[in-house]
Protein chains: 2
Amino acid sequence: MSELIRVAVDAMGGDNAPGEVIKGTVEALNASQEIEVFLVGDQAAIEPFLSKYEYDKARLTIVHASEVISNNEPPAIAIKKKKDSSIVVAQRMVKEGKADAFVSAGCTGAVLVGGHLIVGRIKGIERPALAPLIPTLNGFSLLIDCGANVDAKPSNLVQFARMGSIYMENIMGRKNPKVAIVNIGAEEEKGNALVKAAYPLLKECKDINFVGNVEARDIPNGDVDVVVCEAFVGNVILKMYEGVANALIGKIKETMMSSLKTKIGALLIKDELKNTLKAFDTSDYGGAPMLGLKGLVVKTHGSSKSKEIKQSILQCIAFKQQDIPGKIAAAITVKDEPASEEA
Amino acid sequence: MSELIRVAVDAMGGDNAPGEVIKGTVEALNASQEIEVFLVGDQAAIEPFLSKYEYDKARLTIVHASEVISNNEPPAIAIKKKKDSSIVVAQRMVKEGKADAFVSAGCTGAVLVGGHLIVGRIKGIERPALAPLIPTLNGFSLLIDCGANVDAKPSNLVQFARMGSIYMENIMGRKNPKVAIVNIGAEEEKGNALVKAAYPLLKECKDINFVGNVEARDIPNGDVDVVVCEAFVGNVILKMYEGVANALIGKIKETMMSSLKTKIGALLIKDELKNTLKAFDTSDYGGAPMLGLKGLVVKTHGSSKSKEIKQSILQCIAFKQQDIPGKIAAAITVKDEPASEEA
């Protein structure tokens, strides 16, 4: 067996920390012999949970961190001030090569700012991007960017398209993934200033399978594999998914409970329906990778249970084995700086 | 009875024109004694349909227009070239005071461009806005702007907020409507450059009930009455609504047909469920008014059937009786240009 993939896990992050994080970590450890994990957080809080489980002790280490960054503090300030927080300590491990990846269900802003400031960008990457998988009728697509940095430049979008394409091809096994840019119409000349400027640049990229515009209406159909947009729009797309699905599902449940007749009907379809609705749950697709960093940073939903934590940790194996940062670096270097690099 | 509300209807616009448009027009005419309608379009195409119905002939006139603007032509060019198209002829009637309102299920771009160029803006309005009603758990909210002009300025958003507030209060009867701006977080300091600049301006408006940011996730809950955003984001919100709801409903239907057991269950709940899902159909809320114009322009879905056409025509009554353009003009004049206008 090759060397272990070392994953630093934010034991203190998320609504269900540390209990569910620790449970998910142990589950990941028991599911794969290829990983070693570091549980980063308050040792005294972690130990009682950990003592409940059976696992390979040689592949789990607690790394004490005395502070926690909450969702309520300004991320940039928190990252600078709380040097001994689980997020800062774990990301420093990635930076220093002591870990290959960092998984957190904690404050998104702090994870993103930390990724930027501590782990650091790949040379040539102007802006890292947060890229969650979103459910579609075909399975899922990658939505890039949903990060905290809005007001992107056209060249940022081109890098998002390349990084997303590499991820979908190498990690998700989507061959020659279709890449599209979110727009308000199907025609090339539509859009705001950003999209109009990015479109011809994307069209010129020979290393991606750019198929043009995608309207928001068609995203849930899964016609394209990589959905490119700037982070404000990405955020709206992701949260509309969540909001519309929740509202609709809530209404359907209400309807089913409205009379004896509907209750009997509901009983007959509820198991099947549950599976259908589950497929449309955006929280069920593991963590969102932050692409463009020197190491792997995975952000999972704040409401993650052990299952999502486990998935996010296991996701790191392919990321490391496929050397995604290396592939991104190569794509950016070759395509964006041919003169300086090939000289 | 006071004078009739005169509505010019685009007989040639939409996927189901002229049949459904004419049917809806007759239905509106029979439903209200307060309106007079002009069916604008190809007389030879209109007459055979019209002859099928009973209606008050004194209140319906065919206005012949020999051309039709299709969805496939560039709107600005079509409006300039096709002077005898139903959209241009009807909007000219509004401009010249021969009609109070224009209703069309035709090409959105052409209707918007025509509204701008032919009907014309209210003095002081920087940019008219298209403002559809969207379904929520509470009923509906107004989403402003979903028009064709993207890359708005902060001052545009302030005008959208005022116009939307006036519409919801006076037409929809929502008392002191809650106005919010779409953002990627609940905190005031979040957002892109546009939202950050608009927020303090909205906070200063004493004539609207500004409640701060709304995240896309919460829009379907109906927490706010007027959802303010620039048109690119508005378009994404509207189309995500449609896309997610369609995908989810499609999946649910598939699930219900998956076995004998689920088919029986489906039979027991289908009538109730149909009503529930109908409440989430964005096309079911009549037409979207284009606010900020000197007259009323209502754009209904391209797929409109007679029911939506009828609703859109009847909607014009309140708009005219409440003098929405007058109220908008007053709000803009008083609030935005106090020095020059009050001198």
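Residues numbered from 1 in each chain as written. Chains lettered and ligands numbered in written order. Predicted model: local features only at pLDDT ≥ 70, side-chain atom pairs only at ≥ 80, totals over all residues. Heavy atoms only, no water.

Overview of the overall build of chain A
In terms of helices and strands, chain A carries 12 helices and 12 strands. Its C-alpha radius of gyration of 21 Å places chain A within 12% of the 20 Å reference for a compact globule of 343 residues. Once the C-alpha set of chain A is aligned to its principal axes, its extents read approximately 70 × 60 × 40 Å. Expressed as a percentage of its 343 residues, the buried residues of chain A come to 56%. Counting only contacts in chain A whose residues sit at least 6 apart along the sequence, the fraction spanning at least 24 positions is 72%. Counting every atom, chain A has about 13700 Å² of accessible surface; 51% of that belongs to carbon and sulfur. (Helix = DSSP H or I, 4+ residues; strand = E, 2+ residues; numbered from the N terminus. Rg over C-alpha atoms; globule rule 2.2 N^0.38 Å. Buried < 20%, exposed > 50% of the residue type's maximum accessible area, 1.4 Å probe, protein only. Contact = heavy atoms within 4.5 Å. Areas by Shrake-Rupley, 256 points an atom, 1.4 Å probe, with all protein chains shown as cover.)

Describing helix 5 (residues 108-119) of chain A
Residue and element names in this part refer to chain A. Those residues of helix 5 that fall on the buried side of the exposure criterion are Gly109, Ala110, Val111, Leu112, Gly114, Gly115, Ile118 and Val119. Where helix 5 is buried, its residues contact helix 3 (75-81), helix 4 (86-95), strand 4 (101-104), strand 5 (129-130), strand 11 (288-291) and strand 12 (296-299). Looking one or two residues beyond helix 5, the residue adopting positive phi is Gly120, at roughly 90°.

Side note on the pattern of salt bridges
Under the defined criterion, the tally for this structure stands at 24 salt bridges over all chains. Linking A:Asp207 and A:Arg162 is a salt bridge whose minimum nitrogen-to-oxygen distance equals 2.8 Å. Of the two residues, A:Asp207 sits in the loop between helix 7 (193-204) and strand 9 (209-215) while A:Arg162 sits in helix 6 (residues 154-170), which places them 45 residues apart along the sequence. Measuring nitrogen to oxygen at the nearest pair gives 3.8 Å for the salt bridge that ties A:Glu215 to A:Arg217. The buried category is assigned to A:Glu215, whose relative accessible area is 13%. Owing to a relative accessible area of 29%, A:Arg217 belongs among the partly exposed residues under this scheme. Because the salt bridges share partners, they merge into one network encompassing A:Glu215, A:Arg217, B:Lys239 and B:Glu242. (Salt bridge = Lys/Arg side-chain N within 4 Å of Asp/Glu carboxyl O.)

Observations concerning the relation of the copies chain A and chain B
Expressed as a screw transformation, the operator carrying chain A onto chain B has a rotation angle of 180° and an axial translation of 0.0 Å, and the superposed copies differ by an RMSD of 0.1 Å. Such a combination of rotation and displacement between the chain copies is what one expects of a two-fold axis. Among all residues of chain A, the minimum C-alpha distance to the rotation axis is found for A:Gly265, at 1.8 Å. Both copies present the same face, since 100% of the interface residues in chain A are matched by interface residues at the equivalent positions in chain B. (Least-squares fit on C-alpha atoms with pLDDT ≥ 70 in both.)

Examining helix 4 of chain A
All names here are of chain A. With eight of 10 residues buried, helix 4 lies mostly within the body of the structure. When we look at burial in helix 4, the residues that qualify are Ser86, Ile87, Val88, Val89, Ala90, Gln91, Met93 and Val94. Immediately downstream of helix 4, the backbone of Gly97 shows phi near 80°, a positive value.

Things to note about the packing of helix 8 (residues 231-256) of chain A against helix 9 (residues 260-278) of chain B
Packing of helix 8 of chain A against helix 9 of chain B leaves a shortest axis separation of 9 Å and a crossing angle of 145°. You can see that helix 8 of chain A and helix 9 of chain B cross each other, and the crossing is right-handed. Of helix 9 of chain B, the residues touching helix 8 of chain A (which contributes A:Leu248, A:Lys251, A:Ile252, A:Thr255 and A:Met256) are B:Ile269, B:Glu272, B:Leu273, B:Thr276 and B:Leu277. Partitioning the contact of helix 8 of chain A with helix 9 of chain B into residue classes produces six nonpolar, two polar and two charged. (Axes fitted to C-alpha atoms, helices over the stretch in contact; angles between N-to-C directions. Left-handed = near helix turned anticlockwise from the far one by under 90°. Nonpolar A, V, L, I, M, F, W, Y, C, P; charged D, E, K, R; others polar.)

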